[in-house]
Each structure stands twice: as structure tokens, then as C-alpha cells.
Amino acid sequence: MSGKQMYQAGDQTLLRQINLSAILNHIRVETPVSRVVLAERTGLNKATISNLINELIDKKFVKEIGVKSSGLGRPPSQLILNPEAGFILSSEIGADFISVIGTDFSPKILFEVTEKINHNSDASSVINLLISHLKKAQEICSQNTNNNFLGLALGVPGLVDYETGCLLFAPNLQWKDIPLKKLLESEFSAPVFVDNEANLATLGEYYFGNAFNYEDVLFLSVGVGLGGGMLRQGHLLRGVGGMAGEFGHMTADPDGGLCGCGNRGCWETQASQRVLFKYVHEAIINGEDSILRESCCNDLSSLNTDLIVEAAKKNDKVALDALKKVGHHLGIGIASLINALNPGIIVLGGILSSAWEILEPEINHELSTRALYWNRESTKVVLGKNGKQSCVMGGIAVVYQAILSKPHNNEYIENEFQRR
Ligand SMILES: [Zn+2]
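Residues numbered from 1 in each chain as written. Predicted model: local features only at pLDDT ≥ 70, side-chain atom pairs only at ≥ 80, totals over all residues.

### Some details on the pairing of strand β4 (residues 87-93)
And then number 1: By the criterion of burial, β4 is predominantly enclosed, with 7 of the 7 residues buried.
And then number 2: Across 6 bridges, the pairing between β4 and strand β7 (residues 149-156) is parallel. Considered in β7, the bridge of Ile88 is made with Gly151.
And then number 3: Taken together, β4 and the strand that follows it, strand β5 (residues 97-103), pair antiparallel across an intervening segment of 3 residues. (Buried ≥ 20, exposed ≤ 12 C-beta atoms within 10 Å, placed from the backbone. Helix = DSSP H or I, 4+ residues; strand = E, 2+ residues; numbered from the N terminus. Pairing = 2+ DSSP bridges.)

The structure is reproduced here in C-alpha cells:
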């Protein structure tokens, strides 16, 4: 075969893959949808659409459902993503917990478990516990679907080399250089994805949350620290070293408090759970009256965000002031991010998002005074939808994205062939 012919053959395969991917994505976004509408949306002719859809139905990614009557003639059949295409497992290792969910391809949750772990647990015992929960999830999901294992994802609170799936450093766990992807691949025969939890949460809000249908998304996770992720045209922006999204370590006050990263005055020293606790501690130590004294039984080390939010909702001044101060600093940073990046939507997640009602007016006040009018008008700031499941739903999303971008790839139906 000449070089030219080889190029043409490759080109056609690529074109088919792009078209399959486009159709699958349209069905995801506009479900249920008819072939006629798909032809309009993609600009492909009806014969090509039918041919491509037959392939997607054969691969079980798409199925036809009951028809919508249009009154005249035979109503067109509707297409949806096939829940029975297989199952996906997703998991998270947090600073003091592990979490596992399993879903079908719709994605309906078929299995979920969260277990507290000891803050000082060693990596191997946590990973073994995670694997045992994943095996249980695999067993249950395979009984409830067609047993096709589509993919497995894991989110971790640290820096990850996305290509190798190695956790380089997780400051809150004190773990270093753990080849997580390799470890999971040796236990499970499905594509494995390991990523930073905020990156996954960003994808989760894009596929299944409040950033649905927005192509340029900024996700901020306000928890122990302040992390984030960013999507440009539906794809994660990783930076050349893969470490992009460390918004919490932008310097907000050169003379500010010491940050865990070694720098002074990082944004997360002004807007995170850690600083929220600090504000409350200081006020109580200074003798301010608060119901929080009683709700944590005079033991300030047992303070948590839920207690502070609850107290603020009862108009407790200490709790309200502390949350408003965090909201004020969050707003200042978000105004700069809107000016610099102008994303279509900014989604707020993480533990502190439970205080959204109190944070939102403070954030909006800063945006109205600090962000450029045109940038502000074109960027929405909203609360995330996935709550405590933001990372694990993001894990489902990362497997989804891999399949939707390459439905032609037989890796996702290999398991089925292997069983035959
Ligand atoms: Zn820092």
C-alpha cells in the first residue's frame, strides 16, 4: 500500500471516530433525541447517521426507546445512552475517609460506601481497604448490568502525574510517589484513571452538575485548603507540568500568614476552612459571646464547618462574621479570576459550599465592585450540584469522557469479547 493510501485509510477511521463521538455527545446532551434532529445538529446525512447509530447500538452505548407521537405518520424513534452498556466504578481517598461508588452507564448509582479512615493510616492499608470496597462494588454492579466493566477512576487530594497515574505528593496524607494507577491495574481489568480530586470534581459538574452545557468552566473547591480545576472547551487545562489549578496558592497578601506550601499570604490563608476556624477561635478567645461554645462543649478543637453554618443560620454573630470574612476574601480572589480568565461559569464546591447562602452575597458584593463589568456580566457564579459526591461523580465523568471521545476504541468492549 502506498503512503498516500495509508494516510487516506487512517483519515477515514479518524473521521468515523470524530463522527461517532459527536453523535454520542449530542445524545448525552439532548437525550432523548431522534435521528432527524441528530442529522440537523451534526450536518451529517441521514444514511451516514443511520450507519453510525447502528454501530453505537451494536456496541450497546445507545438504545432506542418508545416513540413520541407527532400526530401524523410514523413517529420517529428516540435515542438515549444505554444504561446497560456496562458499569463504571469511581473512588476517592480523602484526608480522613475513602469513598466508592458504582454506576451503570446512565449513570444511576448502584453501589456506594464511605468509610472514615484514621488520619495517620499508612498508604498500603488504606489502598487495600479501597481495593476491597472496589471489589465489592464490582461484584454488585456486574450482577446488575451486563458485566461490562467500562472503567475505574480514583481521585486523590494531591499532585498527580496524570500520564502515569502516580501520586507525587499529598500534603494532607503525607504520601509521596505512590504508583496508584499501576496498583489498581494489577487488580482490575478495565481502563484506570487517577487524578487530583478538584480536577475530577470539575469534570463532574460539567457532565452531571451545574456546569452542564458550559464549555469554559472554573471549579473552586473550598475545603481544608482551596483547590480548583478549569475546563477550556470541555477539556481540563492541566498546564505543561500537569499542576495547573493551584488557585489557592496565588499570593493575596505578601505579608500575610504562613501557608502550608511555605509561602506567605496565599489566597487559601484567607479563604478556607482552616482560616474560618481561626476566625472563630480568635473571637471566642477574645471573649465574644457565641452559641458555638456550647455546641462544641467548650472544646474548640471539636469545631466543624457544619456547627458554624448552623450557628450562623441562628444569627450567631461570631459564626456569621467569620463566614462573611471568608466570603469577602473569596469574592476578592474570584473577581481577579473573572478578570483574568472570563470563564462561562464558576462553580463553588468543597466543605464550605454548605455556607453558600451566607457566602454568596459577600462574593457578589466584591464582584460588583472589583470585577470588570463586561467580564462579570458574562460569567455566572453558582453553587455546585454534586456536593459531597463531587469527586466520585467526577470519576464517573472521566470514564464517560474517555468513552465519548473514542467510542470507536474497542478497549471499552474488550471485556465483553474476552468473556465470549
Ligand atoms: Zn500556599
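### Some words on the nonpolar core
And then number 1: Core analysis: the biggest nonpolar cluster contains 107 residues, and Leu150, Val217, Ile308, Ala319, Leu323, Ala397 and Val399 have the highest contact counts within it.
And then number 2: Here this core gets 11 residues from one element, more than from any other, and that element is helix α10 (residues 317-341). (Core = buried A, V, L, I, M, F, W, Y, C linked by C-beta atoms within 7 Å.)

### Points about the sheet that holds strand β3 (residues 78-81)
Neighbouring strands of a sheet are bound in pairs by backbone hydrogen bonds; such pairs are parallel or else antiparallel.
And then number 1: Here we have 3 strands laid out as an open sheet, ordered β1-β3-β2, and antiparallel in their pairing. With one partner strand each, in any of the chains shown, β1 (33-34) and β2 (62-65) form the two edges of the open sheet.
And then number 2: The pairing of β2 with β3 spans 4 bridges and is classified as antiparallel. Directly across from Val62, in β3, lies its bridge partner Leu81.

### Re helix α11 (residues 356-370)
And then number 1: The terminal C-alpha atoms of α11 lie 20 Å apart, and with 15 residues this matches the ideal 21 Å at 1.5 Å per residue to within 8%.
And then number 2: All of the buried residues along α11 are Ile358, Leu359 and Ile363. Each buried residue of α11 lies within a common arc of 115° when the element is viewed along its axis, so the set occupies one face. Facing away from the buried side of α11 by more than 90 degrees, the exposed set consists of Glu357, Pro361 and Ser368.
And then number 3: Close packing links the buried residues of α11 with α9 (305-313), α10 and β16 (380-383). (Expected span 1.5 Å × (residues − 1). Arc of directions from axis to C-beta. Contact = placed C-beta atoms within 7 Å.)

### Here's the deal with the environment of Lys324
And then number 1: Along the chain, the position of Lys324 falls in helix α10.
And then number 2: The class of Lys324 is partly exposed, set by 18 C-beta atoms lying within 10 Å.
And then number 3: The sequence separation of Lys324 and Asn213 amounts to 111 residues, and the corresponding C-alpha distance is 31 Å.
And then number 4: If near-sequence neighbours (up to four positions away) are discounted, Lys324 is found in contact with Ile358 and Glu362.

### Describing the domain arrangement of the chain
And then number 1: By domain assignment, the chain separates into domain 1 (3-81), domain 2 (85-206 + 390-419) and domain 3 (212-384).
And then number 2: The C-alpha centroid of domain 3 is placed 27 Å from the C-alpha centroid of domain 2.
And then number 3: With 14 residues of domain 2 at the contact, the number on the domain 3 side is 20 residues.
And then number 4: Secondary structure elements with two or more residues in the side of domain 2 that touches domain 3: β8 (159-161) and α6 (197-208).
And then number 5: If you tally residues by element for the side of domain 2 that touches domain 3, the top one is α6, at 7 residues.
And then number 6: A per-class count over the side of domain 2 that touches domain 3 returns 8 nonpolar, 4 polar and 2 charged. (Domains from an automatic or database assignment. Nonpolar A, V, L, I, M, F, W, Y, C, P; charged D, E, K, R; others polar.)

### Concerning the environment of Ser142
And then number 1: Structurally, Ser142 can be placed in helix α4 (residues 123-144).
And then number 2: When the C-alpha positions of Ser142 and Gln17 are compared, they lie 28 Å apart, and in sequence the two are 125 residues distant.

### Description of the environment of Val126
And then number 1: Within the fold, Val126 resides in helix α4.
And then number 2: As for Val126 and Ile93, which are separated by 33 residues in sequence, their C-alpha atoms are 8.3 Å apart.
And then number 3: The contacts of Val126, once residues within four sequence positions are left out, are Ile93, Ile98, Ile117 and Ser121.

### Overview of the sheet that holds strand β14 (residues 235-236)
And then number 1: The strand order across the open sheet built from 5 strands is β14-β13-β12-β15-β16, with neighbouring strands paired in mixed fashion. Two strands lie at the open edges of the sheet, namely β14 and β16, each paired on one side alone.
And then number 2: Relative to strand β13 (residues 226-232), strand β12 (residues 217-222) runs antiparallel, the two sharing 6 bridges. Following the sheet pairing, Leu220 is matched in β13 by Gly228.

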